[in-house]
There are 2 protein chains.
Amino acid sequence: MDNKDFYTVRGYQIHKKNEKMLTPSMEDYMEMIYRVCRKNGYIRINVLAERLNVQAPSVSRVVEKLKARKLISYEKYGVVQLTDKGKQVGAFLLKRHKAVEAFLKFLGLQETLMDTEMIEHNISVETLKKLILFNRFIQSHPEVLTQYHEFLNKNQDRL
Amino acid sequence: MDNKDFYTVRGYQIHKKNEKMLTPSMEDYMEMIYRVCRKNGYIRINVLAERLNVQAPSVSRVVEKLKARKLISYEKYGVVQLTDKGKQVGAFLLKRHKAVEAFLKFLGLQETLMDTEMIEHNISVETLKKLILFNRFIQSHPEVLTQYHEFLNKNQDRL
DNA sequence: TACATATATTACCCATAGGTAACTTATTTG
DNA sequence: CAAATAAGTTACCTATGGGTAATATATGTA
């Protein structure tokens, strides 16, 4: 085992800094902005705060950061709208969310949101690709789904 | 969609605070302490720093926290040893690590360490149980493994 | 149109998690 | 045994990410 490869969470995050423009927290805000803007075209600070269960000052600060990264357009006291770049990033985040969620549903989780939201920030692009492929595999091999669920039923309490 | 369920990463972490004694960072330190103590019975601050690629002051502080939680025994300038409770926690963390890693290997990832280390802190106990069961399912159904890898080979570049 | 209310921003705070520099203690070496 | 070296601790720093309180701005209402 190559000891040099181990880091703390923060160490790994720093390692990936070059490929990641956004922190997990910013991703959460971006994903929610995308979800709402797809429908309404814009979102306000108080609505974003409500949706993510944070206070308005927290949103205000993050919105400034996302603006600095050219993912949204925003003026003080105004509404938040996505730039083209922001739409791409948001679409990616939602796609990733759905891939993780689909997998957790396959696994047999009743409640998937919290785990999805926690896991999604922590998978590499490589892992995401494989997860998407795996989801497709399960869709095109429903007998595997059946076998796994039968296995689950037989082994639920053997842990 | 029930909007009240969305939080930021920090929000979810606060939600799980009652069931989680350790932060992701502390888990990293505990897992490494466990890995080394299984072999040597003890570890020193400088070795732990080296293994996790952090500086000694960072280790010194975390070690005090883990001692406060009765997971290790430690006196200043001395060696770190696991308590019985610490051994249980360490064993759990390593088991969890291996379950996540086995799954990522199944998925087809060449390099699994970074993703494993990032994902492991973010899955619930429920998800871990299902992952362990899934790993067992794959072990007892090698034909599923084969089918999936054939699927991978055919679809690798269709993403 | 003035006042009330809602929304948003700013200043300051705390917690976590890393760093460096300076210092203390333990160990090694000549 | 004294000096050198290594290991470890402490003080102070930065960054991120949330909060509250106070303040500013926008909107609604009578």
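Keep in mind the model is a prediction, meaning the values are calculated, not measured.

It is not clear to me how the overall build of chain A should be interpreted in this structure. Could you clarify?
The number of helices and strands found in chain A is eight helices and two strands. Each helix and strand of chain A, placed in order from N terminus to C terminus, yields the pattern α-α-α-α-β-β-α-α-α-α. Taken over 159 residues, chain A has a buried fraction of 50%. Considering only intrachain contacts with a sequence separation of at least 6, the fraction spanning at least 24 residues in chain A is 55%. Of the roughly 8500 Å² of accessible surface on chain A, 50% is carried by carbon and sulfur atoms. Charge centroids of chain A, computed over 27 positive and 19 negative side chains, lie 7 Å from each other.

How should I be thinking about the protein's contact with DNA strand D in this particular structure?
Taken together, 22 residues are adjacent to DNA strand D, and Ser25(A), Ser58(A), Thr8(B), Ser60(B) and Tyr74(B) come closest. Near the protein, within 4 Å, the atoms of DNA strand D are sugar or phosphate in 74% of cases. Between a phosphate oxygen of DNA strand D and a side-chain N or O atom of Ser60(B), the distance comes to 2.4 Å. Within the side chain of Tyr74(B), a nitrogen or oxygen atom sits 2.5 Å from a phosphate oxygen of DNA strand D. Mapped onto the surface near DNA strand D, the elements with two or more residues apiece are helix H2 (24-40) and helix H4 (56-68) of chain A together with helix H3 (45-52) and helix H4 (56-68) of chain B. The residue inventory of the surface near DNA strand D, partitioned by class, reads nine nonpolar, seven polar and six charged.

What exactly am I supposed to notice about the interface of chain B and chain A here?
One frequently used descriptor of interface size is the decrease in accessible area upon assembly of the parts. Opposite the 59 residues of chain B that make contact, chain A presents 60 residues. Summing both sides of the interface, chain B and chain A together bury roughly 5600 Å²; the carbon and sulfur share of this comes to 72%. Remark: the boundary between chain B and chain A carries zero salt bridges. Our count for the chain B to chain A interface comes out at eight residue pairs in polar contact (both at pLDDT 80 or more). Looking at the side of chain B that touches chain A, the elements with two or more residues in it are helix H1 (9-15), helix H2 (24-40), H3, helix H5 (84-107), helix H6 (113-119), helix H7 (125-140) and helix H8 (142-155) of chain B. For the side of chain B that touches chain A, the leading source of residues is H7(B), giving 11 residues. Here the residues of the side of chain B that touches chain A are counted per class, giving 30 nonpolar, 15 polar and 14 charged.

I tried to follow the domain arrangement of chain A on my own but got confused; where do I start?
Residue and element names in this part refer to chain A. When cut into domains, chain A gives domain 1 (3-88) and domain 2 (95-155). Each partner contributes residues to the interface: domain 1 has seven residues there, and domain 2 has six residues. Around 600 Å² of area is buried between domain 1 and domain 2 when both sides are counted, 29% of it from carbon and sulfur atoms. Of all residues in domain 1, Glu27, Asp28 and Glu31 give up the largest surface area on contact with domain 2, accounting jointly for 45% of the area buried on that side. Linking domain 1 with domain 2 are one salt bridge, by the criterion used here. Its salt-bridge partner being Glu27, residue Arg96 comes within 2.9 Å of it at the nearest N-O pair. The tally of links between domain 1 and domain 2 comes to five residue pairs in polar contact (both at pLDDT 80 or more).

Even after reading the chapter, I still don't get the nonpolar core, so can you show me in this structure?
The tendency in soluble globular proteins is for nonpolar side chains to be buried side by side. Ranked by size, the top nonpolar core spans 40 residues in total, and within it Phe103(A), Leu107(A), Phe134(A), Phe103(B), Leu107(B) and Phe134(B) carry the most contacts. Put simply, the parts of the chain that give this core at least two residues each are helix H5 (84-107), helix H7 (125-140) and helix H8 (142-155) of chain A together with H5, H7 and H8 of chain B. Leave out the neighbours within four places in its chain, and Phe134(A) touches Phe103(A), Phe106(A), Phe106(B), Leu107(B), Phe134(B) and Tyr148(B).

Explain the relation of the copies chain B and chain A here, please?
For these two chain copies, the linking operation is a rotation about an axis paired with a shift along it. The transformation that overlays chain B on chain A combines an axial shift of 0.0 Å with a rotation of 180 degrees, and the residual RMSD is 0.0 Å. Here the copies are linked by what is in effect a two-fold axis. Distance from the rotation axis, computed per C-alpha, reaches its smallest value in chain B at Ile119(B): 3.0 Å. A share of 100% of interface residues in chain B that are also interface residues in chain A marks the association as one of identical surfaces.

Help me out: how do you make sense of the protein's contact with DNA strand C in this one?
Within the structure, DNA strand C sits among 22 residues, and Asn46(A), Ser60(A), Tyr74(A), Ser25(B) and Ser58(B) are positioned closest to it. In DNA strand C, atoms within 4 Å of the protein come 74% from sugar and phosphate. Asn46(A) places a polar main-chain atom, nitrogen or oxygen, 2.5 Å from a phosphate oxygen of DNA strand C. For DNA strand C, a phosphate oxygen lies 2.5 Å from a polar atom in the side chain of Ser25(B). Going through the elements one at a time, helix H3 (45-52) and H4 of chain A together with H2 and H4 of chain B are the ones with two or more residues in the surface near DNA strand C. By residue class, the composition of the surface near DNA strand C is nine nonpolar, seven polar and six charged.

Analysis parameters
- Residues numbered from 1 in each chain as written.
- Chains lettered and ligands numbered in written order.
- Predicted model: local features only at pLDDT ≥ 70, side-chain atom pairs only at ≥ 80, totals over all residues.
- Heavy atoms only, no water.
- Helix = DSSP H or I, 4+ residues; strand = E, 2+ residues; numbered from the N terminus.
- Buried < 20%, exposed > 50% of the residue type's maximum accessible area, 1.4 Å probe, protein only.
- Contact = heavy atoms within 4.5 Å.
- Areas by Shrake-Rupley, 256 points an atom, 1.4 Å probe, with all protein chains shown as cover.
- Lys, Arg positive; Asp, Glu negative; His and termini not counted.
- Charge placed at Lys NZ, Arg CZ, Asp CG, Glu CD.
- Near = heavy atom within 4 Å.
- Polar contact = N/O pair within 3.5 Å; in protein donor to acceptor, adjacent residues only side chain to side chain.
- Nonpolar A, V, L, I, M, F, W, Y, C, P; charged D, E, K, R; others polar.
- Buried area = accessible area lost by both parts, 1.4 Å probe.
- Salt bridge = Lys/Arg side-chain N within 4 Å of Asp/Glu carboxyl O.
- Domains from an automatic or database assignment.
- Core = buried A, V, L, I, M, F, W, Y, C linked by side-chain atoms within 4.5 Å.
- Least-squares fit on C-alpha atoms with pLDDT ≥ 70 in both.

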